[in-house]
Amino acid sequence: QVQFVESGGDLVQPGGSLKLSCQGEGGRYSFFCMGWYRQVPGKQRELVAALTITGFSNYAESVKGRFTISRDNANNTVYLQMNSLEPEDTAVYYCVSDDTRTAVVTGAARYWGQGTRVTVSS
């Protein structure tokens, strides 16, 4: 059973940067699609970015130009580089993985990390 372990969440000032990491443990292959969601208490979970093993990516409009998703297939790891952070980016960030892009972008992915908290505040 694959488990995903996230790291990198922290408190950062507006305009700052963070890089989140999520590594799958226990799996024997790379998933076709990996991505990141975020959730604020009282709001719906939001897809932030997704990246297929073939290199196709998509981003939420609110993070385009500021966030970059990347992956290390050999180590079953996905990253999220976040630049020019804004208070509105404050949320718990979850990595997700599955064998189809549809599962990831619709929120139906089978594998989720435990979440890492990002707080953007001065």
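These numbers come from a predicted model, not from an experiment.

Visitor: Before we move on, can you summarise the pattern of salt bridges with the specific residues and values?
Guide: Scanning all chains against the criterion turns up 7 salt bridges. Arginine 66 is paired through a salt bridge with glutamate 86; the nearest N and O atoms lie 3.9 Å apart. Of the two residues, arginine 66 is situated in the loop between strand 6 (57–59) and strand 7 (67–72) and glutamate 86 in the loop between strand 8 (77–82) and strand 9 (91–98); the sequence distance between them amounts to 20 residues. Judged by its relative accessible area of 11%, arginine 66 is buried. Here the salt bridges share partners, and the residues they tie into one network are Arg38, Glu46, Arg66, Glu86 and Asp89.

Visitor: Can you explain the sheet that holds strand 3 (residues 18–25)? Please cite residues and give values.
Guide: The sheet built from 4 strands is open, its strands ordered 1-3-8-7 with antiparallel pairing. In this open sheet, the two edge strands, each paired with only one partner strand, are strand 1 (3–7) and strand 7. When the angles between neighbouring strand axes are averaged without regard to direction, this sheet yields 15 degrees. When strand 1 meets strand 3, the two strands line up antiparallel, connected through 5 bridges. Paired with serine 7 across the two strands is serine 21, which belongs to strand 3.

Visitor: Can you break down the pairing of strand 5 (residues 46–52) residue by residue, with the values?
Guide: Extensive coverage of strand 5 is indicated by the burial of 6 of its 7 residues. Pairing between strand 4 (residues 33–39) and strand 5: 6 bridges, direction antiparallel. Opposite glycine 35, over in strand 5, you have alanine 50 as the bridge partner. Linkage of strand 4 to strand 5, two consecutive antiparallel strands, is achieved through a turn of 6 residues, within which glycine 42 is found at a positive phi near 85 degrees. With 3 bridges joining them, strand 5 and strand 6 adopt antiparallel strand pairing. When the bridges of strand 6 are listed, leucine 51 appears paired with serine 57.

Visitor: Would you mind going over the environment of phenylalanine 56 in detail, with residue names and values included?
Guide: With respect to the helices and strands, phenylalanine 56 occurs in the loop between strand 5 and strand 6. As a C-alpha pair, phenylalanine 56 and threonine 116 span 60 residues in sequence and 25 Å in three-dimensional space. In this structure phenylalanine 56 touches Ala50, Leu51 and Arg101, once residues within four positions along its chain are discounted.

Visitor: Just give me the short version of unusual backbone geometry, but keep the residues and values in it.
Guide: The residue asparagine 76 is not glycine, and still its phi comes out positive at about 50 degrees. Structurally, asparagine 76 is set in the loop between strand 7 and strand 8. Classification of asparagine 76 as buried rests on a relative accessible area of 6%. Not every positive phi belongs to a glycine, and serine 84 is a case in point at roughly 50 degrees. The partly exposed category is assigned to serine 84, whose relative accessible area is 42%.

Visitor: Account for the pairing of strand 4, naming residues and giving values.
Guide: For strand 4, the buried fraction is high: 6 of the 7 residues fall into the buried class. Here strand 4 pairs with strand 9 via 7 bridges, running antiparallel. Across the sheet, residue tryptophan 36 finds its bridge partner in strand 9, namely cysteine 95.

The rules we used
- Residues numbered from 1 in each chain as written.
- Predicted model: local features only at pLDDT ≥ 70, side-chain atom pairs only at ≥ 80, totals over all residues.
- Heavy atoms only, no water.
- Salt bridge = Lys/Arg side-chain N within 4 Å of Asp/Glu carboxyl O.
- Helix = DSSP H or I, 4+ residues; strand = E, 2+ residues; numbered from the N terminus.
- Buried < 20%, exposed > 50% of the residue type's maximum accessible area, 1.4 Å probe, protein only.
- Pairing = 2+ DSSP bridges.
- Axes fitted to C-alpha atoms, helices over the stretch in contact; angles between N-to-C directions.
- Contact = heavy atoms within 4.5 Å.

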